[in-house]
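So you can see what is in the structure, the chains are spelled out below.
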Amino acid sequence: MTLTLHVPEELSARVPVEQRGAGLDRDAVRLLVSRGTGVSHHAFVELPRLLRAGDLLVVNTSPTLAAAVDGRTGHAPVVVHFSTRGDDGRWAVELRDPDGKGTTRARAGGPAGMEVRLPGGVRLVLEEPLRARHARLWWARVAGPGVLGMLREHGRPIRYAYTERDQPLSVYQTVFAMPSADGSGSAEMPSAARPFTARLVVELVSRGVWFAPVTLHTGVASTEAHEPPYPERFAVPEASARLINAVKAGGGRVVAVGTTAVRAVESAAGADGVVRARAGWTDLVVTPERGVRVVDGLLTGLHEPAASHLLMLEGIAGREAIDRGYEEALRGLYLWHEFGDVHLILPEETPHTAHCSSNCM
């Protein structure tokens, strides 16, 4: 799916919302709500009143890593984006050229055998591209001290040219982020959850909305190339699987917070629609043809017109609904990217649900 829309540069959120004015918090973003082809405009803090008691939010607990680090190939400077750690100890990496403005630009990957020197005595040797037809990311063998320690000491969050400046890692952590036992995390923030604050979570819980934590460690998703997602590590714990199934059985709605949460929970769902505890790698790509088995709705950011994530949105809500929502987002001057506004996609309401009180299940 490619939207025939042009997103003006001025609609890129260049800094986090809390840096745009005194007294603003993360939840001071706008919320576009789509129910079928119906669209309404809200503040994100209205989310508790837009959901119902018995609804469930699936949230990704993956922490964001400081996954960008400066290195050298020969005498040339290079920026390495660490994407995913493989089972064999190799890392999937993207090499980018510094642009002299504090960000980076895309460069050709490889060749095999190229060595990259990094801080702290870490060295990478590129071995092979992740995908034969997409040579942007490469598997690299690591020599020297561990990568995660090097990133903690010398790394910084990945950012792209539409942002104004580097930000501390705390800006890229969501309220749901939990340290993993082995130090793993996401190369880029699971940004749909960024507007949540502890105060808003408490209000949602007090109104009878459930939360089901899952984990999916996101890899690098360059803004210049819109390939389908690469395989990523995920885990759906037993307690979350049981809760999701119970909410479905009770008539509540399962709303994923971010495309990463969709990918995790749908990877754990059988053809019968039952979610079972699972952990490992997923290469699932949700498309309109595949559809969804569990998720009823989605809270997500606004994606570029060529982004592969739009196939997932279409698989959940249909092409007409997504076209209509994005037209309204442009007309309403909503902000794009990880520091921008958010889009809540819900099922079209029937006459019963439209008049259902907050304690309807």
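Residues numbered from 1 in each chain as written. Predicted model: local features only at pLDDT ≥ 70, side-chain atom pairs only at ≥ 80, totals over all residues. Heavy atoms only, no water.

A. Layout of the overall build of the protein chain. Looking only at helices and strands, the protein chain has eight helices and 16 strands in total. Taken over C-alpha atoms, the radius of gyration comes to 20 Å for the protein chain, in line with the 21 Å a tight globule of 361 residues would show. By its C-alpha atoms, the protein chain is 65 × 40 × 35 Å across when sized along the principal axes. Partitioning the contacts of the protein chain with sequence separation of at least 6, the portion at a separation of at least 24 is 71%. Of the roughly 15,200 Å² that the protein chain leaves accessible, carbon and sulfur atoms contribute 54%. Mean positive and mean negative side-chain charge positions of the protein chain (39 and 41 charges, respectively) differ by 3 Å. (Helix = DSSP H or I, 4+ residues; strand = E, 2+ residues; numbered from the N terminus. Rg over C-alpha atoms; globule rule 2.2 N^0.38 Å. Contact = heavy atoms within 4.5 Å. Areas by Shrake-Rupley, 256 points an atom, 1.4 Å probe, with all protein chains shown as cover. Lys, Arg positive; Asp, Glu negative; His and termini not counted. Charge placed at Lys NZ, Arg CZ, Asp CG, Glu CD.)

B. Here's a closer look at the pairing of strand β5 (residues 76-85). Of all ten residues making up β5, seven are buried, and the element is well covered by its neighbours. As defined by bridge partners, strand β4 (residues 68-73) adjoins β5 across six bridges and the pair is classed as antiparallel. Residue T73 lies in a different strand from β5, and its bridge partner there is A76. In textbook terms, the turn of a hairpin is the stretch between consecutive antiparallel strands, and for β4 and β5 this stretch comprises two residues, one of which, G74, has a positive phi near 65°. As judged from the six bridges shared by β5 and strand β6 (residues 91-98), these two strands associate in the antiparallel manner. Residue pairing across strands places R85 opposite W91, the latter belonging to β6. (Buried < 20%, exposed > 50% of the residue type's maximum accessible area, 1.4 Å probe, protein only. Pairing = 2+ DSSP bridges.)

C. Inspection of helix α4 (residues 238-249) at higher detail. Across its twelve residues, α4 extends 17 Å between first and last C-alpha, which sits within 8% of the 16 Å expected from 1.5 Å per residue. Looking only at α4, the buried set comprises S240, A241, L243, I244 and V247. In an axial view of α4, the angular spread of the buried residues amounts to 165°, which keeps them on one side of the axis. For α4, the exposed residues lying more than 90 degrees away from the buried face are A239, R242 and A249. One or two residues past the end of α4 sits G251, with phi positive at roughly 90°. (Expected span 1.5 Å × (residues − 1). Arc of directions from axis to C-beta.)

D. Representation of the pairing of strand β1 (residues 30-35). Of the strand pairs in this sheet, β1 and strand β2 (residues 38-43) are connected by six bridges, and their pairing is antiparallel. Bridging from a neighbouring strand, L32 pairs with H41 of β2. Taken together, β1 and the strand that follows it, β2, pair antiparallel across an intervening segment of two residues, in which G36 is found at a positive phi of about 60°. With five bridges connecting them, β1 and strand β16 (residues 342-346) associate as parallel partners. The residue of β16 that forms the bridge with S34 is I345.

E. Quick peek at the side chain of S240. Take S240: it is sitting in helix α4. Overall, S240 belongs to the buried group, its relative accessible area being 3%. Ignoring sequence-local partners within four residues, the contact set of S240 consists of A212 and P213.

F. Quick look at the sheet that holds strand β11 (residues 210-216). A sheet is described by the order of its strands in space; here nine strands give the open sequence β2-β1-β16-β15-β13-β3-β11-β12-β14, paired in mixed fashion. Both outer strands of the open sheet, β2 and β14 (278-282), are each paired with one neighbouring strand and no more. Between one strand axis and the next, the sheet turns through 20° on average, direction left out of account. (Axes fitted to C-alpha atoms, helices over the stretch in contact; angles between N-to-C directions.)

G. View of the packing of helix α5 (residues 259-267) against helix α6 (residues 309-317). At a minimum axis separation of 11 Å, α5 and α6 run at an interaxial angle of 65°. Judged by the inter-axis angle, α5 sits roughly perpendicular to α6. The handedness of the crossing between α5 and α6 comes out as left-handed. Residue-level inspection shows T259, V262 and R263 of α5 in contact with α6, the latter providing H309, M312, L313 and I316. Among the residues forming the contact of α5 with α6, the class breakdown is four nonpolar, two polar and one charged. (Parallel < 35°, antiparallel > 145°, perpendicular 65-115°, else oblique. Left-handed = near helix turned anticlockwise from the far one by under 90°. Nonpolar A, V, L, I, M, F, W, Y, C, P; charged D, E, K, R; others polar.)

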